[in-house]
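The chain contents come next:
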Amino acid sequence: MSNEPVEREPIWRVQARLDALAKANAAPRCGARSKRTGKPCQAAAMPNGRCKVHGGKSTGPRTPEGLKRSKRANWKHGYYSREAKAERSRVRAAVLALRYLRIMALPARNQV
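Residues numbered from 1 in each chain as written. Predicted model: local features only at pLDDT ≥ 70, side-chain atom pairs only at ≥ 80, totals over all residues. Heavy atoms only, no water.

## Looking at the packing of aromatic side chains
One pass over the full model with this rule turns up 1 aromatic pair. Taken together, a centroid distance of 4.9 Å and an interplanar angle of 85° make the contact between Tyr 79 and Tyr 80 edge-to-face. Overall, the relative accessible area of 44% leaves Tyr 79 in the partly exposed class. Overall, the relative accessible area of 58% leaves Tyr 80 in the exposed class. One cation-aromatic arrangement involves Arg 88 over Tyr 79; the distance from NZ or CZ to the ring centre is 4.0 Å. (Phe/Tyr/Trp six-rings, centres within 6.5 Å; stacked < 30°, edge-to-face > 60°. Buried < 20%, exposed > 50% of the residue type's maximum accessible area, 1.4 Å probe, protein only. Lys NZ or Arg CZ within 6 Å of the ring centre and 35° of its normal.)

Structure follows, in structure tokens:
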């Protein structure tokens, strides 16, 4: 420890910090109600009127590029995709056609 006196911050700087703090405290508040306590949230609100935690539902992507990204991100396995459904439909039609051909090719057993 030194014996030199501590240099204090200038009063104008302290006053500026207090003014900034007063402005921050005067910002609009979120106000979302808590389920547990019923009291409003006291966090500063964003432009949409809610805080970062209670920001509300996303409006989703708006641009075509954003929509493509969203579709790619939500892709799971492709079982119900248009292409997979069409492929299953073609296979089903082919199986039915083969069954029909097999039935038609069988000799009649009851004919004498």
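Structure shown, so let's carry the discussion forward.
## Points about the environment of Ala 43
Checked against the element boundaries, Ala 43 lands in the loop between helix H1 (11–25) and helix H2 (64–73). Owing to a relative accessible area of 30%, Ala 43 belongs among the partly exposed residues under this scheme. In this structure the C-alpha to C-alpha distance between Ala 43 and Arg 102, which are 59 residues apart in sequence, comes to 74 Å. (Helix = DSSP H or I, 4+ residues; strand = E, 2+ residues; numbered from the N terminus.)

## As for the confidence of the model for the protein
Averaged over every residue, the pLDDT of the protein is 88; the share at 70 or more is 95%. Here H2 stands out as the least confident element of the protein, with mean pLDDT 90; helix H3 (residues 82–105) is the most confident, with 94. (pLDDT = per-residue confidence, 0-100.)

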